[in-house]
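Per-entry structural report
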Amino acid sequence: MLEHDIQITYRLADLQDRYIHTLDSDALEDWPTLFVDDCLYEVIPKENEDAGLPAPVMRYDNIRMLHDRVISLRHANIYQKPVYRHFLSGMRWLAGADGLYRMTTNYLVINTNQTGQSLVYQTGTYHDTVVVEEDGVPRFKSKRVIYDTSRVQTLLAVPI
Amino acid sequence: MLEHDIQITYRLADLQDRYIHTLDSDALEDWPTLFVDDCLYEVIPKENEDAGLPAPVMRYDNIRMLHDRVISLRHANIYQKPVYRHFLSGMRWLAGADGLYRMTTNYLVINTNQTGQSLVYQTGTYHDTVVVEEDGVPRFKSKRVIYDTSRVQTLLAVPI
Amino acid sequence: MLEHDIQITYRLADLQDRYIHTLDSDALEDWPTLFVDDCLYEVIPKENEDAGLPAPVMRYDNIRMLHDRVISLRHANIYQKPVYRHFLSGMRWLAGADGLYRMTTNYLVINTNQTGQSLVYQTGTYHDTVVVEEDGVPRFKSKRVIYDTSRVQTLLAVPI
């Protein structure tokens, strides 16, 4: 039983680590490959979520929209790329009767700006559902990014 | 042997993750349930600990005091709840001849204030002893929070 | 296969955790013991690495140089020791045909200064190669610290 839980935890943590690796190593083209085709990705302020008014500031409801997002980011005129670095902690998961894993994870993003200074960019929680498809690889069915930090200027520039 | 160490590490990390989850998800009522009845929770400045003068700024030596703390926090007049987010790293443990696990873990707490800005609130180390009781569940026998950050205004508002 | 990956991941994460523990708990004398004799430790700005000009700001190419570094740090006149706290996330590894493990890990260092304030000191990635020697213990063959944060005053004071 414990053994089984360790295996699931390992595979879900591995998925999360691959996720932040695609973002932090500028391998954005790999980012959509961690989702199933019929997926949901949204970004929501915590105060809206808490108030039961989860109006997302960003919402993509299939994998093509994720690919489009990457393409438009690649074509944006950015003189110097910002550097983001993700840190995760406190992952919790539950297996549902529907075969989906539901999990929450604390995230912290540090941004290093053009003057070389590193500051806290954003904290929040990932609320994810994960499905293991026929190829045995776990992928995100949905990823809801619920952020604490409302004073963010360049919030929508890159995926979180 | 390696297998056994992986299992212990998994269970201790799971306890730490549940701990920060109760604090970050505002499930404060669950916080005392992670301790044994005859427990110790204290918060100590690192410079005092290093000097061998571990005068705690907060000290609760049984589970009822933890429950009381939660009740008083729930009755406090706080207009807008502050948001705290914990991040852990570098957990190390040793099994003692007395059946207790002694462990240390780095912690970082980010606070998002009322203007929506997220800043480093506190860093430090947890010095814990953990016991596995008859129900097989690991719980804290003691948790000593030794903090680096001495310039903290609202230190005692919530458990760390 | 999964079992084997879990075991390798556990041992590599354990090595990283011991690494940050030697630095954060002021056990600097143990820091070189995590490397093989014929090792490489270097610190490189990310922008240099990205530009293919990896001129390191610090470079030690055997274990004696690491020991010397610790000795000189112990003899430095520092009135009050700075406090550093490391946080790791997103570890990824690959096993090479040469028996070496190559891995990358996000790191964050928080510094607490003499006025007791805690701030982001540095973020970056560790690019490591790890070898398991005859005694079965994994050690660093090389550790390349590639840092994001270029506005760092006291960068070279302590190992990262």
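Quick notes on the rules
Residues numbered from 1 in each chain as written. Chains lettered and ligands numbered in written order. Predicted model: local features only at pLDDT ≥ 70, side-chain atom pairs only at ≥ 80, totals over all residues. Helix = DSSP H or I, 4+ residues; strand = E, 2+ residues; numbered from the N terminus. Rg over C-alpha atoms; globule rule 2.2 N^0.38 Å. Buried ≥ 20, exposed ≤ 12 C-beta atoms within 10 Å, placed from the backbone. Contact = placed C-beta atoms within 7 Å. Nonpolar A, V, L, I, M, F, W, Y, C, P; charged D, E, K, R; others polar. Core = buried A, V, L, I, M, F, W, Y, C linked by C-beta atoms within 7 Å. Pairing = 2+ DSSP bridges. Axes fitted to C-alpha atoms, helices over the stretch in contact; angles between N-to-C directions. Least-squares fit on C-alpha atoms with pLDDT ≥ 70 in both. Expected span 1.5 Å × (residues − 1). pLDDT = per-residue confidence, 0-100.

1. Describing the overall build of chain A
Secondary structure summary: chain A contains 3 helices and 6 strands in total. The globule rule puts the C-alpha radius of gyration for 160 residues at 15 Å, and the 16 Å found for chain A is close to it. Here chain A holds 160 residues, and the buried ones make up 34% of them. Pairs at least 24 residues apart make up 53% of the contacts formed inside chain A by residues separated by at least 6 positions.

2. Digging into the interface of chain B and chain A
Every contact between the two is made by 20 residues of chain B and, on the other side, 18 residues of chain A. At the level of secondary structure, the elements contributing two or more residues to the side of chain B that touches chain A comprise α1 (2–24), β3 (83–95), β4 (101–112) and β5 (118–132) of chain B. Residue composition of the side of chain B that touches chain A, grouped by class: 9 nonpolar, 8 polar and 3 charged.

3. Examining the interface of chain C and chain A
If you look at the interface, chain C gives 17 residues, while chain A gives 20 residues. Of all the elements in the fold, those that place two or more residues in the side of chain C that touches chain A are α1 (2–24), β3 (83–95), β4 (101–112) and β5 (118–132) of chain C. Looking at which element gives the most residues to the side of chain C that touches chain A, the answer is β3 of chain C, with 5 residues.

4. Observations concerning the nonpolar core
If you look at the biggest cluster of nonpolar residues, it comprises 51 residues, and the most contacted ones within it are L108 of chain A, L108 of chain B together with L108 of chain C. The contact partners of L108 of chain A, leaving out residues within four places of it in the chain, are F87, V120 and T123 of chain A together with R85, F87 and I110 of chain B.

5. Brief notes about the sheet that holds strand β6 (residues 138–147) of chain B
The strand order β2-β1-β6-β5-β4-β3 (chain B) describes an open sheet built from 6 strands, whose pairing is mixed. The open sheet has two edge strands with one neighbour each: β2 (58–60) and β3 of chain B. If you compare each strand with its neighbour and ignore which way they point, the axes differ by 20 degrees on average. The pairing of strand β1 (residues 35–45) of chain B with β6 of chain B spans 7 bridges and is classified as parallel. Within β6 of chain B, the position partnered with F35 of chain B by the bridge is F140 of chain B. In the packing of α1 of chain B onto the sheet, contacts are made with β3, β4, β5 and β6 of chain B, and the angle to β3 of chain B comes to roughly 160 degrees. Lying over the sheet, α1 of chain C contacts β3 and β4 of chain B, oriented at roughly 100 degrees with respect to β3 of chain B.

6. Focus: the relation of the copies chain B and chain A
Expressed as a screw operation, the relation of chain B to chain A combines 0.0 Å of axial shift with a rotation of 120 degrees, fitting to an RMSD of 0.0 Å. What the rotation and shift describe, once combined, is the action of a three-fold rotation axis. Looking at the interface residues of chain B, only 15% of them are also at the interface in chain A, so each copy uses its own face.

7. Notes on the environment of Y121 of chain C
All names here are of chain C. Mapped onto the elements, Y121 comes out in strand β5. We classify Y121 as buried; it has 22 C-beta atoms within 10 Å. The spatial distance from the C-alpha of Y121 to the C-alpha of R64 is 27 Å, given a sequence separation of 57 residues. With near-sequence residues (within four places) excluded, Y121 lies in contact with Y84, V109, I110 and N111.

8. Re α1 of chain B
Residue and element names in this part refer to chain B. The end-to-end C-alpha separation of α1 is 32 Å, in line with the 33 Å expected for 23 residues at 1.5 Å each. All of the buried residues in α1 are I6, Q16, Y19, I20, H21 and D24. D26 sits one or two residues past α1 and shows a positive phi near 60 degrees.

9. Observations regarding the relation of the copies chain C and chain A
Each copy of the sequence occupies a distinct position, and chain C is placed on chain A by a rotation of 120 degrees and an axial shift of 0.0 Å, giving an RMSD of 0.0 Å. Both copies present different contact surfaces, since only 18% of the interface residues of chain C are interface residues in chain A too.

10. Side note on the pairing of strand β5 (residues 118–132) of chain A
Residues and elements named next belong to chain A. Pairing analysis gives 12 bridges linking strand β4 (residues 101–112) to β5, with the strands arranged antiparallel. Among the inter-strand pairings, T105 is bridged to a residue of β5, identified as Y126. The antiparallel pairing of β4 with β5 creates a hairpin that spans 5 residues between the two strands, and G116 there sits at a positive phi of about 85 degrees. As paired strands, β5 and strand β6 (residues 138–147) are joined by 9 bridges and run antiparallel to one another. The partner of H127 across the bridge, within β6, is R144. Connecting β5 to the antiparallel partner β6 that follows it, the hairpin turn spans 5 residues, and G136 within it adopts a positive phi of roughly 85 degrees.

11. As for the pairing of strand β1 (residues 35–45) of chain C
Strand direction decides the pairing type here: β1 of chain C and strand β2 (residues 58–60) of chain C, joined by 3 bridges, are antiparallel. In the strand pairing of β2 of chain C, E42 of chain C is matched with R59 of chain C.

12. Some points on the confidence of the model for chain A
The predicted model of chain A averages 92 in pLDDT, with 93% of residues at 70 or higher. The ipTM, which scores confidence in the relative placement of chains, is 0.95 for this predicted complex, and the corresponding pTM is 0.96.

13. Here we look at the sheet that holds β6 of chain A
Strand order across the open sheet formed by 6 strands is β2-β1-β6-β5-β4-β3 (chain A), with mixed pairing between neighbours. Each edge of the sheet is formed by a strand with only one pairing partner; in this case those strands are β2 (58–60) and β3 (83–95) of chain A. Across the sheet, the mean angle separating the axes of adjacent strands is 20 degrees when strand polarity is ignored. Two elements, β3 of chain A and β4 of chain A, share 11 bridges in a ladder whose sense is antiparallel. If you follow V83 of chain A over to β4 of chain A, its bridge partner there is T112 of chain A. Across the sheet, helix α3 (residues 63–75) of chain A is in contact with β1 (35–45) and β2 of chain A; its angle to β1 of chain A comes to roughly 65 degrees. Together, β3 and β4 of chain A form the strand contacts of α1 of chain B, whose direction differs from that of β3 of chain A by roughly 100 degrees.

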